[in-house]
Amino acid sequence: MYLKPGRLGPSIVMKSLTTIDITRRSLQITKALSARKDRSSNLKVDSFANGSNASYIERLYRKWAKDPNSVDESWHNYFTGKRRTIKQDRQLKTKHRKWEPAAAGTGGSTTTPAPAADWKYIDDHLVVQAIIRAYQTRGHLAADLDPLGIVGPTGHTPSTEDKKLQATKAVLRQHYAYAFNDLNALFKLPTTTLIGGDEQFLPLREILDRLERAYCGHIGVEYMMITSILKSTWIRQHFEVPGAINFSAEEKKLILERLTRSSGFENFLAKKYSSEKRFGLEGCDIMIPIMKEIIDQSSKLGVESVHIGMAHRGRLNVLANVCRKPLEEILSQFNSIKATDGGSGDVKYHLGLFTKRYNRQSKKNVRITVVANPSHLEFVNPVVLGKARAEMFMRGDYQGNKVLPVLIHGDASFCGQGVVYESIHLTDLPAYTTYGTIHVVVNNQVGFTTDPRFSRSSRYCTDVARVVNAPIFHVNADDPEACVHCARVAAKWRAKYHRDVVIDIVGYRRNGHNEADEPAFTQPLMYQRIRKLKPCTVKYAEKLVHDGVIKMEEYTEMTAKYEKICNEAFEKSQKIKTFKNSHWIDSPWSGYFQGRNRLKLCPTGVNLKVLMHIGNKFASPPPTENKFTLHKGIMRILGIRKKMVEDKIADWSLGEAFAIGTLVKDGIHVRISGQDVERGTFSHRHHVLHDQTKDKVRYNSLQHLYPDQAPYDVCNSSLSECAVMGFDLGYSMANPNTLVIWEAQFGDFANTAQAIIDQFVASGETKWVRQSGLVLFLPHSMEGMGPEHSSGRLERFLQLSNDDPDCFPVMCDSDYVARQLLNCNWIVTNLTTPANLFHALRRQVGMSFRKPMINFSPKSLLRHPLARSPFRDFNECSSFQRIIPDKGKASHNPECVEQLILCSGKVYYDLVKERDDHDQEATTAIVRVEQICPFPYDLIYKQLELYPKADLFWVQEEHKNQGAWTYVQPRLDTVLIELKANDRCFLYRGRPPNSASSTGNKVQHLTEYNDLITSIFGELTEENKCRMEEKKKAAKSKALKESEAKLAKEKMAKMKEEGKDPKGAGPAGSAPPAKPQRKPTDSTSPSEGPSPAAPAASASPGRKSASSAPTNQPNQARKQNVPQAPAKQENQTPKRADTPNPNSSKQENTPARKQHSPTPATDPNRTKTEEKPSSEDPNDFW
């Protein structure tokens, strides 16, 4: 705390009258201290008038008040001096060091002379305190960290007989010259340092010497950015206190033994496999003892599971000496042996491992996981964090006491790759924190061939960790005891404060980037020094021999013993001819696959009562006892949900809620994560409700469905795709009985996580035999929103799929569907109904294996009146539909069908409306492909058989070089070959090729839409236009009548509340007013023809005869009201009995929206004006 002029820091509480004297005198002292300036006019001083100085003076005054002879004479003279008021103090001039009378001409006023005191003595104490703080803040700048001696301070020598000090002007700044003063002068140590131990007074020489040892030796500590006094003091206790670094003889022997194993392993590999890449640790061999110490200390402090993420350098050594993977299995990877199980495998220095072993130091069992990682270095970081967080959840470890994540970095990648920053920034987010991560940086002082001065702008590669105020311990890799001490402190720090901590091991790389590289090409001077440098193990052994801890014979025996172990393992490895990829798995699911039929698909439908219960809960506000104040808009949304539940029909948000609710009922933990997922990017989800009058008061109805349900978490994330997707991938790897969903704000933004998608999601099982059921929701559709808000890049995911386009499956196989899912690397869907979303999510955990699912979720369809599903599509007799065939007129007479259109996603609803506008329901069949990968060969085959005379088209709204066309084309050809239909082929209908995913110009967007529709259905005829105009007028008329009826109903309800007669304008008994007559605005009465919903009545985008507004666009969808639930029977207009709904054979018509709704799609079942009403009851299907 810093004192302000004229104010006292810590107040003095005394009951006697002397309280006034003490306070006043302290105020005077503080005023004088804060007003002083440095003697040198050209140097800016550090602020030293802090709370600790004021406390010291106050304690001194208390001591003087009891016994005036107990303090120095100068303080006695000051405390007995003449008192001054605060007002007089403020009038004193502070620009002079000495107190002087006011200048002449000031009206004869004078100032009180300065109090009698030894101000030089006070100045000296304050300067010493500033020097101490300078060492604490900047001492690491002068630390001896580089074992090569290339980077380091020059230091200075106070006098010829004294040893050289490391601290330079960069550390001491304006106090640099003071270090040359009287080194024997005695000073009282402030409470902000612990270098004195039990001593309170030290001479300047000893103060500087102890500060040098604490901050400028082989350890440089960065911690003064931490704002907590308790945490700063804790760090000082472990580095400043004399004798803080103190190891017993046995501990030193253990360090040497571990160091011998580390270097011995690398030397053995260099001898046996000199031409193989292994990315050894030579130069930073101390990393293995550091990792061992972290695990030892953490295990003693209660940690039961350690998750390690690292790049390739040193991975084999970690597997051998930290995880204790059998050496013969590691060495066998250098031989040419064959895997006996599935998967392509990976190079040995990318493989992961899971092991459980006994820790001799803590005498406890510890689970150690090394997560497999590609050559993308730091991208494994969020995966490890997510995996650790998931295990914490499973263990009920809500403070991180039992699970520890440890990340090992390279110096160049730690400061160079953005995923590091994204991952570190998750540390304090409630849904993503791991309660502290230990970061270990293997600092080779070179990145491949690039010097640090060309690879980073900061002084240290670890500066990125300062954003979360993590303490950073820089340590010289050639001082094993200092390194192990830093590891010990880091483990204790994480256990006590559950915060991140960084250990920066400053070493070197004895070889090139890999063992075949020649590093002298680019770092000639560095490698001249490296070749002259003794290995760390040898130097430490010599030191222990010199100190009498061991004898040289013991070290020789220690080295020979480990070499013998390696040789024996080498002999065993030569006998190994095969191996299993599954032996290197990092996420084994114990017992999950045992006794399971891999080809069995569990049913996904549920009972209607369950749906009603979940729906009513989801549509209800928080309980009244919660006194929860909802937003009016939320009340309206809940009302719409309630109406849908009553009508037994579900929109997209309700279908998703059914999936989540039924899964948590079955004991499956569900987690949805991503940007704005609580509300939903398009304001459709609203799972988390916020009290409008109280901060931080939230309610999630899906968390309160059943008393014994599994947890449901919906987590708004930071504005990061890469780290958060990686985190959720790791979360999904921990437990197969968890459904983890990551949702992109827009599908376009997922490409910032492309490395996670390519290296982990798409190929993780193939390379590392590691399954994951992660689900990606990527909002995707062409709606004129520009090239960054349109496409989730469907083509990229399909290109990464591993199914063979030229191989037609055996359809007679009863397990064909399950086998197809089992053999693919992931599932790619573009769903069009809420019921199919429901079944797809439940199928994810119903399978006897796990596959990632990439779903290209809708935007405008979230509220589209046709994109709804009746409750019967969720029941026990229903299941996931890989394709949805045409159920309209075309399916009744397939021989007359002229066009068979296959499509996927939102474009289906555009095609249905346009088919209706062009009056081609009987001649055009539209089939939706819901699951694109794996490709539904069998179902497509049946559709082609059903329509033998139809021309075949694949229609998509994406450009020709994008979307699903390049994926489906060869597979459709394979189906035609199997069908022996040599005279038929699929033609493409869609937008032309483009390098951008979409246009940002609305006119261009509408032009492209018109061209697409015209290429399929041709131009609108005059008859089509007249029919569309009639439908438009009918819709307007119906909307007007519904609006009037609603207003009248509200007016009557209001009058009843006021006690008035609803039939009259006044109280009961008064005469009713005359009712004004309103003329209809349309020439066509609603009874003259069918009355489709208002959104259905508006024309398609860009059609000249219809509304000119662009359709199905998210920016408009946000402004419009949420669609009303289906109207009751009496409000429905007649429809043809032979015209089914595209999603259900007997589905109610969708009621009209308000007139301003821009949603354009119409009911595809609507035809031109009908004379005869339907003979079917719309409620029969319930």
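Being a predicted model, the structure only gives us computed values, none of them experimental.

K.L.:
I'd love a proper account of the overall build of the protein, names of residues and values included.
P.N.:
The secondary structure content of the protein amounts to 37 helices and 28 strands. Relative to all contacts within the protein whose residues are 6 or more apart in sequence, the contacts with residues 24 or more apart total 81%. Accessible surface computed for the protein: about 50,600 Å², of which carbon and sulfur atoms make up 51%.

K.L.:
Residues and numbers for the packing of aromatic side chains, please.
P.N.:
Tallied over the entire structure, the rule returns 29 aromatic pairs. Plain terms: the ring middles of Tyr215 and Tyr223 are 6.4 Å apart, the flat faces sit at 15 degrees to each other, and that makes the pair stacked. Consider the rings of Phe760 and Trp768, whose centres lie 5.7 Å apart with planes at 55 degrees: the pair is tilted. Given the relative accessible area of 3%, Phe760 is considered buried. Of the residues examined, Trp768 reaches a relative accessible area of 3% and is grouped as buried. In this structure, Arg641 is placed above the aromatic ring of Phe618, and the distance from its NZ or CZ to the ring centre is 3.8 Å. Lying across the ring of Tyr908, Arg928 places its NZ or CZ 3.9 Å from the centre.

K.L.:
An account of the environment of Asn802 is needed here, citing residue identities and associated values.
P.N.:
Considering the arrangement of structural elements, one finds Asn802 in the loop between helix H27 (794-799) and helix H28 (816-823). Taking relative accessible area as the criterion, Asn802 reaches 41% and is therefore assigned partly exposed. Asn802 sits 22 residues away from Cys824 along the chain, and the two C-alpha atoms are 6.1 Å apart. The contact partners of Asn802, leaving out residues within four places of it in the chain, are Asn823, Cys824 and Asn825.

K.L.:
An account of the pattern of salt bridges is requested, with residue identities and associated values reported.
P.N.:
Enumeration over the complete set of coordinates arrives at 49 salt bridges. Note that Lys325 and Glu329 form a salt bridge whose closest N and O atoms lie 2.9 Å from each other. Take Lys325: its relative accessible area is 7%, and that puts it in the buried class. Here Glu329 falls in the partly exposed class, since its relative accessible area comes to 28%. Ionic pairing is found between Asp647 and Lys643, a salt bridge with its closest N-O pair at 2.6 Å. Remark: Lys643 and Asp647 occur in helix H22 (residues 632-647); sequence separation between them is four residues, near one turn of the helix. Given the relative accessible area of 25%, Lys643 is considered partly exposed.

K.L.:
Could you give an account of helix H20 (residues 552-573), naming the residues involved and the relevant values?
P.N.:
An ideal rise of 1.5 Å per residue puts 32 Å on 22 residues; H20 measures up with 32 Å between its terminal C-alpha atoms. By the burial criterion, the buried members of H20 are Tyr555, Met558, Tyr562, Cys566, Ala569, Phe570 and Ser573. Summarising the axial view, the buried residues of H20 lie within an arc of 115 degrees, below the 170-degree limit, and thus occupy one face. Turned more than 90 degrees off the buried face of H20, the exposed positions are Glu553, Glu557, Lys561, Lys564 and Glu571. Considering only its buried residues, H20 is in contact with helix H9 (249-272), helix H11 (315-321), helix H12 (327-332) and helix H19 (536-546).

K.L.:
Can you tell me about the confidence of the model for the protein, naming the residues and giving the values?
P.N.:
Taken residue by residue, the protein gives an average pLDDT of 83. The fraction at 70 or more is 81%. Predicted confidence is poor over residues 157-161, with pLDDT under 50, and the contacts of this stretch with residues over four places away or in other chains come to eight contacts.

K.L.:
Tell me about the sheet that holds strand E18 (residues 738-743), residues and numbers included.
P.N.:
Read across the open sheet, the seven strands follow the order E17-E14-E18-E19-E21-E20-E26; overall the sheet is mixed. The sheet is open, and its two edges are formed by strand E17 (712-716) and strand E26 (931-933), each paired on a single side. The sheet shows a mean angle of 20 degrees between the axes of neighbouring strands, direction not considered. Bridge count between E18 and strand E19 (residues 775-777): three bridges; the pairing is parallel. Counted as the bridge partner of Glu743 is Phe777 from E19.

K.L.:
So what's going on with helix H21 (residues 608-618)? Residues and values would help.
P.N.:
Along H21, the residues that are buried comprise Val610, Leu611, Ile614, Gly615 and Phe618. Relative to the axis of H21, the buried residues are bounded by an arc of 125 degrees and lie together on one face. On its buried side, H21 packs onto H22 and helix H23 (652-665). The N-capping residue of H21, defined by a side-chain oxygen 2.7 Å from the backbone nitrogen of Lys609, is Asn607.

K.L.:
Explain the packing of H21 against H22 residue by residue, including any values.
P.N.:
To characterise two packed helices, one gives the angle between the axes of the helices and the distance between these axes. Two numbers describe how H21 lies on H22: the axes approach to 9 Å, and their chain directions differ by 165 degrees. Taken as axis vectors, H21 and H22 run roughly antiparallel relative to one another. Here H21 and H22 pass one another in a crossing that is left-handed. Each of Met612, Gly615, Asn616 and Phe618 in H21 lies in contact with H22, whose residues at this interface are Leu638, Arg641, Lys642 and Val645. Along the lines of polarity and charge, the residues of the contact of H21 with H22 split into four nonpolar, two polar and two charged.

Cut-off values and rules
In every chain, residue numbers begin from 1 and rise along the written sequence. Owing to the predicted nature of the model, reporting of local features is limited to residues with pLDDT of at least 70; listing and counting of side-chain atom pairs is limited to 80 or more, with chain, interface and lining totals taken over all residues. As a convention, hydrogens and water are excluded, and side-chain values are obtained from all of the structure's heavy atoms. Counting from the N terminus, the helices are DSSP H or I runs at least four residues long and the strands are E runs at least two residues long. It only takes one pair of heavy atoms within 4.5 Å for two residues to be counted as in contact. Surface accessibility follows the Shrake-Rupley procedure with a 1.4 Å probe radius. Residue values consider only the protein chains on display as shielding. Only Phe, Tyr and Trp rings are paired, with Trp represented by its six-membered ring, and only when their centres lie within 6.5 Å; those with planes under 30 degrees apart are stacked, over 60 edge-to-face, the remainder tilted. Exposure is judged per residue with a 1.4 Å probe applied to protein chains only, and the accessible area is read against the type maximum: over 50% gives exposed, under 20% gives buried, and values in between give partly exposed. We call a charge positioned over a ring when the NZ of a Lys or the CZ of an Arg lies within 6 Å of the ring centre and within 35 degrees of the ring normal. Just to be clear on terms, a salt bridge is a Lys or Arg side-chain nitrogen sitting within 4 Å of an Asp or Glu carboxyl oxygen. Here the expected span of a helix is defined as 1.5 Å times the quantity of residues minus one. This arc describes the spread of directions from the helix axis toward the C-beta atoms. Per residue, pLDDT captures the predictor's confidence, and it can take any value from 0 to 100. Strand pairing is assigned whenever DSSP identifies at least 2 bridges connecting the two strands. Here, axes are lines fitted to C-alpha atoms. For helices the fit covers the stretch in contact, and angles between N-to-C directions go from 0 to 180 degrees. Under this definition, polar contacts are N or O atom pairs within 3.5 Å; protein pairs additionally need one hydrogen-donor-capable and one acceptor-capable atom, and for neighbouring residues in sequence, both atoms have to be side-chain atoms. Any angle that is under 35 degrees is reported as roughly parallel, and any over 145 degrees as roughly antiparallel; angles of 65 to 115 degrees are reported as roughly perpendicular and all others as oblique. By convention, the crossing between two helices is left-handed when the near helix turns anticlockwise from the far helix through less than a right angle, and right-handed when the turn is clockwise. Each residue gets one of three labels, nonpolar for Ala, Val, Leu, Ile, Met, Phe, Trp, Tyr, Cys and Pro, charged for Asp, Glu, Lys and Arg, and polar for the others, Gly among them.

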